[in-house]
Amino acid sequence: MSLIDAAKAVRENAYAPYSNFKVGVALTAKSGAVYVGCNVENVAYPEGTCAEAGAIAAMIAGGDTQITEIAVIADSPVPVTPCGGCRQKLFEFAAPEAKITMASLSGEQTIMAVADLLPGAFVKAQMDNA
Ligand code: THU
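On a predicted model such as this, the values are computed, not experimentally measured, just so you know.

Draft legend 1. A look at helix α2 (residues 51-61). Turning to α2, its buried residues number three or more, namely Ala51, Glu52, Ala55, Ile56 and Met59. Taken down its axis, α2 places every buried residue within 135° of arc, on the same side. Count one or two residues on from α2 and you reach Gly63, which has phi positive near 95°.

This is the structure:
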């Protein structure tokens, strides 16, 4: 199964009764394992979590720490893009050149490198004076 198909499949399990916007993410880790995640909303809206966060949590729980490729999909008019917070979360674990495929259910795709999603990312070196 392709990474985008894995993201599409897990999207079906998203719990999104408040936004009705289901998102699925699949990522490949350096070990070759594929981890998936979907958004999980909450009646206390800020407690909801994004699909990217779910996939990253599954990866860490599975013992991997390096993302080599990511796919994200939603039923959006244009390919869905990760929110700002998730860009920072992805940057923590993905090589800057890691490929991210952003897709819509209708089949449109945008492909970028993770680094291009977050110019000026906050990185550990900025805390060197601390
Ligand atoms: N959402 C994600 O899970 N990932 C994205 O890349 C964009 C937004 C979720 C959060 C919320 O459950 C819903 O989509 C609407 O914002």
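Draft legend 2. Structural context of the nonpolar core. Ranked by internal contacts, the top residues of the largest apolar core, which has 21 residues, are Leu27, Ile67, Ile70, Val72 and Ile100. Where this core is concerned, the elements lending two or more residues are β1 (23-29), α2, β3 (67-74), β4 (94-104) and α4 (114-117). Non-local contacts of Ile67, meaning those with residues more than four positions away in its chain, are made with Leu27, Thr28, Ala29, Ile56, Met59, Leu90, Phe93, Ala94, Ala95 and Ala98. Leu3, Ile4, Ala6 and Ala71 belong to the second largest nonpolar core, which has eight residues in total.

Draft legend 3. Here's a closer look at the side chain of Glu41. Inspection of the secondary structure assignment puts Glu41 in the loop between β2 (34-38) and α2. We note that Glu41 is buried and unpaired, the nearest opposite charge coming from Lys22 at a distance of 10 Å. There is a polar contact of 3.1 Å between the side chain of Glu41 and the backbone nitrogen of Tyr18. Within the local environment of Glu41, its side chain forms a polar contact with the side chain of Ser19, the two groups lying 2.5 Å apart. Non-local contacts of Glu41, meaning those with residues more than four positions away in its chain, are made with Tyr15, Ala16, Pro17, Tyr18, Ser19 and Gly48.

Draft legend 4. Broad picture of the pairing of β1. Burial within β1 is extensive, with seven of its seven residues counted as buried. Taking every second residue as pointing to the same face, both faces of β1 are buried, with Val23, Val25, Leu27 and Ala29 on one and Gly24, Ala26 and Thr28 on the other. Alignment of β1 against β2, held across five bridges, turns out to be antiparallel. Bridging from a neighbouring strand, Thr28 pairs with Val34 of β2. Hairpin remark: β1 followed by β2, antiparallel, with four residues in the connecting loop; positive phi at Gly32, about 100°.

Draft legend 5. Looking closely at the site of the ligand. Around the ligand lies a shell formed by Ser19, Phe21, Val23, Asn39, Glu41, Cys50, Ala51, Glu52, Thr81, Pro82 and Cys83. One of the side-chain N or O atoms of Glu41 is found 2.6 Å from an oxygen atom in the ligand. One of the side-chain nitrogen or oxygen atoms of Glu52 is found 2.6 Å away from an oxygen atom of the ligand. Notes on the ligand: free accessible area 370 Å², of which the protein chains cover 76%. Grouping the amino acids of the shell around the ligand by side-chain chemistry returns six nonpolar, three polar and two charged.

About the criteria used
One numbering rule holds for all chains: residues counted from 1, following each sequence as written. For this predicted model, a pLDDT threshold of at least 70 governs which residues receive local features, and a threshold of 80 or more governs which side-chain atom pairs are given and counted, while totals over whole chains, interfaces and linings are taken from all residues. For side-chain calculations, the full set of non-hydrogen atoms in the structure is used, while hydrogens and water are omitted. Categorising residues by exposure relies on relative accessible area from a 1.4 Å probe, with only protein chains included: less than 20% of the type maximum marks a residue as buried, more than 50% marks it as exposed, and the intermediate range marks it as partly exposed. Numbering goes from the N terminus for both helices and strands, where a helix is a DSSP run of H or I of at least four residues and a strand is a run of E of at least two. The arc in question is formed by the directions pointing from the helix axis toward the C-beta atoms. As used here, the term nonpolar core means buried Ala, Val, Leu, Ile, Met, Phe, Trp, Tyr and Cys residues forming a set that is joined through side-chain atoms within 4.5 Å. Note on contacts: a residue pair is in contact if any heavy atoms of the two residues lie within 4.5 Å. Under the counting rule used here, the positive set is Lys and Arg, the negative set is Asp and Glu, and His together with the chain ends is not counted. Counted as salt bridges are all cases of a side-chain nitrogen of Lys or Arg within 4 Å of a carboxyl oxygen of Asp or Glu. Polar contact is defined as a pair of N or O atoms within 3.5 Å, subject to the rule that within protein one atom must be able to donate a hydrogen and the other to accept it, and that residues adjacent in sequence are counted only when both atoms are side-chain atoms. Pairing between two strands requires that DSSP report at least two bridges joining them. Throughout this document, a residue counts as near a molecule or strand when at least one of its heavy atoms sits within 4 Å of that molecule or strand. Surface accessibility follows the Shrake-Rupley procedure with a 1.4 Å probe radius. Residue values consider only the protein chains on display as shielding. Residue polarity is assigned by list, with Asp, Glu, Lys and Arg as charged and Ala, Val, Leu, Ile, Met, Phe, Trp, Tyr, Cys and Pro as nonpolar; anything else, Gly included, falls into the polar class.

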